[in-house]
Amino acid sequence: QSYKSPSSDKLVQTMEKNLGILLVALVAVLVLPSTERLAAASDSHCRMTEEGLLACLPCITGSGPMNPSVKCCTALSKANLPCLCHYKNSPVLSQLGIKPQLAMQLPAKCKLRLPRQCK
């Protein structure tokens, strides 16, 4: 039987709550009348799964972010990076505790090429 500290349970609950808010925010952004954004992001949250988002969340939040896990990098390698880049300047990210500058570093940390439109 493993011991789980109350703080780790709270962290998981906070991350799950932030993920839920992020998904709602992404859906809200998708219904805005920008046909370019809608077309680019229409493929299921830029092909980033909920599991992938959860795996990457510790890497893009907090004061001492973690290095990306294999699960995060695998999800990111399957994601539509140009689509995700549409959100890099969204004020919603900082409201959710997500640091855009950390998110922009993830592809390089996962040994992926950052698309030109993301720079």
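To keep things clear, this report deals only with the structure shown in the data block. Just so it is clear, the structure is predicted and the values come from calculations on it, not from any experiment.

Things to note about the pattern of salt bridges
Counted under the stated rule, the structure contains 1 salt bridge. In this structure, the salt-bridge partner of Glu-51 is Lys-71, at a minimum N-O distance of 3.3 Å. In this pair, Glu-51 sits in helix 4 (residues 50–60) while Lys-71 sits in helix 5 (residues 70–78), placing the two residues 20 residues apart along the sequence.

Quick word on the packing of helix 4 against helix 5
Where helix 4 meets helix 5, the closest approach of the two axes is 8 Å, and the angle between their N-to-C directions is 120 degrees. In terms of axis orientation, helix 4 runs oblique to helix 5. The element helix 4 and its partner helix 5 pack so that their crossing is left-handed. In this structure, helix 4 contributes Glu-51, Gly-52, Ala-55, Cys-56 and Cys-59 to the contact, and helix 5 contributes Lys-71, Cys-72 and Ala-75.

Some details on the side chain of Thr-61
Position of Thr-61 relative to the elements: it lies in the loop between helix 4 and helix 5. Judged by its relative accessible area of 17%, Thr-61 falls in the buried class. Polar contacts involving the side chain of Thr-61 include one to the main-chain carbonyl oxygen of Leu-57, which spans 2.9 Å. In contact with Thr-61, other than residues within four places in its own chain, are Gly-97, Ile-98 and Leu-102.

A closer look at the state of the cysteines
The full count for this structure, using the stated rule, is 4 disulfides. The side chain of Cys-85 participates in a disulfide bridge whose partner is Cys-118; the two sulfur atoms lie 1.5 Å from each other. Here the disulfide of Cys-85 and Cys-118 is right-handed, its torsion about the S-S bond being about 95 degrees. One end of the pair, Cys-85, is in helix 6 (residues 81–85); the other, Cys-118, is in the segment after helix 8 (100–109), and 33 residues separate them in sequence. Taken individually, Cys-85 and Cys-118 each receive the classification buried, so the pair is uniform in this respect. In the protein chain, the bonded cysteines, taken in the order they occur along the sequence, pair up as 1-5, 2-3, 4-7, 6-8. Distance from the sulfur of Cys-59, which forms no disulfide, to the nearest cysteine sulfur (Cys-72) is 4.5 Å.

So, the packing of helix 4 against helix 8
Between helix 4 and helix 8, the shortest axis-to-axis distance is 9 Å and the interhelical angle comes to 115 degrees. Along this stretch, helix 4 crosses helix 8, giving a crossing that reads as right-handed. Where helix 4 approaches helix 8, its residues Cys-56, Cys-59 and Ile-60 are matched on the opposing element by Leu-102, Ala-103 and Leu-106. The class makeup of the residues in the contact of helix 4 with helix 8 is 6 nonpolar, no polar and no charged.

What to know about the nonpolar core
Counting 19 residues, the largest nonpolar core has Met-48, Ile-60, Cys-72, Leu-76, Ile-98 and Leu-106 as the members making the most contacts within it. Going through the elements one at a time, helix 4, helix 5 and helix 8 are the ones with two or more residues in this core. Sort the elements by how many residues they give to this core and helix 4 lands first, with 6 residues. Those residues in contact with Met-48, other than ones at most four positions away along the chain, are Leu-53, Cys-56, Ala-75, Leu-76 and Ala-79.

Definitions and limits used
- Residues numbered from 1 in each chain as written.
- Predicted model: local features only at pLDDT ≥ 70, side-chain atom pairs only at ≥ 80, totals over all residues.
- Heavy atoms only, no water.
- Salt bridge = Lys/Arg side-chain N within 4 Å of Asp/Glu carboxyl O.
- Helix = DSSP H or I, 4+ residues; strand = E, 2+ residues; numbered from the N terminus.
- Axes fitted to C-alpha atoms, helices over the stretch in contact; angles between N-to-C directions.
- Parallel < 35°, antiparallel > 145°, perpendicular 65-115°, else oblique.
- Left-handed = near helix turned anticlockwise from the far one by under 90°.
- Contact = heavy atoms within 4.5 Å.
- Buried < 20%, exposed > 50% of the residue type's maximum accessible area, 1.4 Å probe, protein only.
- Polar contact = N/O pair within 3.5 Å; in protein donor to acceptor, adjacent residues only side chain to side chain.
- Disulfide = S-S within 2.5 Å.
- Nonpolar A, V, L, I, M, F, W, Y, C, P; charged D, E, K, R; others polar.
- Core = buried A, V, L, I, M, F, W, Y, C linked by side-chain atoms within 4.5 Å.

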